[in-house]
Amino acid sequence: MTPVLANPSLWPQSFPLMRAGGLFILIMGAATLLGALIHSQRRVLLTAGAVSATLAIVLFAARLSAPYGVPTRLQVAFLGGAIVAEAILIRLAVARYRASGERSLLLATLFVVGLHFLPMAVAFGPGCALMGLALCLCAGSGLWLMPRLPLNGLWAADGLVKIAFGAVMLLLR
């Protein structure tokens, strides 16, 4: 293991986008958690979270990233590629799980979101990969292993994982 990967205090210098990504993930986690509490408004809250997180990135990403340098072309490519892969995989998940009901569709979507964080770790650092694995485990366990787990509990767990990892990513200096 390289010294950078073993030492989280070095991550911001190696992954300049990490703090801005953490802000985005933190906001989306809060929106997800609210969706577990007010599940009738889950999709509205996710949309509001995405708009708020995007606005926060527009306003603060440069300031959060500037002290740590410029991301590499590879990091930017992985970030963009992960977002494109997520969009494609969500379309496939919808096609596969639409007829299975809302619970399965939503958990499949959460699984895809978790999955897209794995390659995003090239841009945001190893914590992003750990978060992606935790999110996949959470959604996958409810989707395939333990179908009796309550959707709102899994949805809340997803939000809490995003809040925790997003906060750490944002606050690492």
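Note: the structure precedes this text.
All values derive from a computational prediction rather than experimental measurement.

K.L.:
Tell me about the packing of aromatic side chains, and name the residues and values.
P.N.:
Tallied over the entire structure, the rule returns 1 aromatic pair. Ring geometry for Phe111 against Trp144: centres 4.9 Å apart, planes inclined by 80°, an arrangement best described as edge-to-face. Remark: Trp144 occurs in helix H7 (residues 126-145) and Phe111 occurs in helix H6 (residues 102-124); sequence separation between them is 33 residues. Over the ring of Trp155 we find Arg42, and its NZ or CZ is 4.6 Å from the ring centre. The positively charged end of Arg96 is found above the aromatic ring belonging to Tyr97, 4.4 Å away from the centroid.

K.L.:
Can you tell me about the nonpolar core, naming the residues and giving the values?
P.N.:
Within the largest apolar cluster, 18 residues are counted, with the highest numbers of intra-cluster contacts made by Met18, Phe117, Met120, Phe124, Cys128 and Met131. Mapped by element, the contributors of at least two residues to this core are helix H3 (18-37), H6, H7 and helix H8 (151-171). In terms of residues, this core owes the most to one element, H6, which gives 6 residues. Ignoring anything within four residues of it in the chain, the contact list for Met18 reads Trp11, Pro12, Ala123, Phe124, Met169 and Leu172. Ala108, Cys138, Trp155 and Ala156 belong to the second-largest nonpolar core, a separate cluster that totals 16 residues.

K.L.:
Go over the layout of surface pockets, please, and point to the residues and values.
P.N.:
Considering only enclosed or pocket space, the largest pocket measures out at about 850 Å³ in volume. If you trace the largest pocket, you find 29 residues lining it, with Phe24, Met28, Glu86, Val113 and His116 closest to the centre. Elements represented by at least two residues in the lining of the largest pocket include exactly H3, helix H4 (42-65), helix H5 (73-97), H6 and H8. At 9 residues, the largest contribution of residues to the lining of the largest pocket is made by H6. Across the lining of the largest pocket, the residue classes tally to 21 nonpolar, 5 polar and 3 charged.

K.L.:
Can you explain the packing of H3 against H4? Please cite residues and give values.
P.N.:
At a minimum axis distance of 8 Å, the contact between H3 and H4 shows a crossing angle of 165°. The orientation of H3 with respect to H4, classified from their angle, is roughly antiparallel. Read as a crossing pair, H3 and H4 show a hand that is right-handed. Here the residues of the contact of H3 with H4 are counted per class, giving 17 nonpolar, 6 polar and 2 charged.

About the cut-offs
- Position numbers for residues count from 1 along each chain, tracking the sequence in the order it is written.
- Since the coordinates come from a predicted model, pLDDT governs what is reported: local features require at least 70, and pairs of side-chain atoms require 80 or more to be given and counted, while whole-chain, interface and lining totals use all residues.
- Values reported for side chains reflect all heavy atoms of the structure, with hydrogen atoms and water molecules removed beforehand.
- Pairing of aromatic side chains requires ring centres within 6.5 Å, counting the rings of Phe and Tyr and the six-membered ring of Trp. Pairs whose planes differ by under 30 degrees are stacked, by over 60 edge-to-face, and all others tilted.
- Secondary structure counts use DSSP, requiring at least four H or I residues in a row for a helix and at least two E residues in a row for a strand, with both numbered from the N terminus.
- Two thresholds decide whether a charge sits over a ring: the Lys NZ or Arg CZ must be within 6 Å of the ring centre and within 35 degrees of the ring normal.
- Residues enter a nonpolar core if they are buried and are Ala, Val, Leu, Ile, Met, Phe, Trp, Tyr or Cys, with the set joined through side-chain atoms within 4.5 Å.
- Exposure classes here rest on a 1.4 Å probe applied to the protein chains alone. A residue is buried below 20% of its type maximum, exposed above 50%, and partly exposed in between.
- Throughout, a residue-residue contact means that at least one pair of heavy atoms, one from each residue, lies within 4.5 Å.
- As defined here, a cavity is a set of points on a 1 Å grid over the protein atoms alone where a 1.4 Å probe fits but cannot get out. A pocket is an open set with protein on both sides within 12 Å along at least five of seven lines, and residues line them when an atom is within 4 Å of a point.
- Grid points are joined across faces, edges and corners, and a volume is the space filled by probe spheres set on the points.
- Ten residues, namely Ala, Val, Leu, Ile, Met, Phe, Trp, Tyr, Cys and Pro, are considered nonpolar, four, namely Asp, Glu, Lys and Arg, are considered charged, and the remaining ones, Gly among them, are considered polar.
- The axes used here are C-alpha line fits, helices contributing only the stretch in contact, and every angle between their N-to-C directions lies in the interval 0 to 180 degrees.
- Orientation is classified from the angle alone, with under 35 degrees giving roughly parallel, over 145 giving roughly antiparallel, 65 to 115 giving roughly perpendicular, and any other angle giving oblique.
- Left-handed describes a crossing whose near helix is turned anticlockwise from the far helix by less than a right angle; the clockwise case is right-handed.

Taken by themselves, the reported measurements are silent on function.
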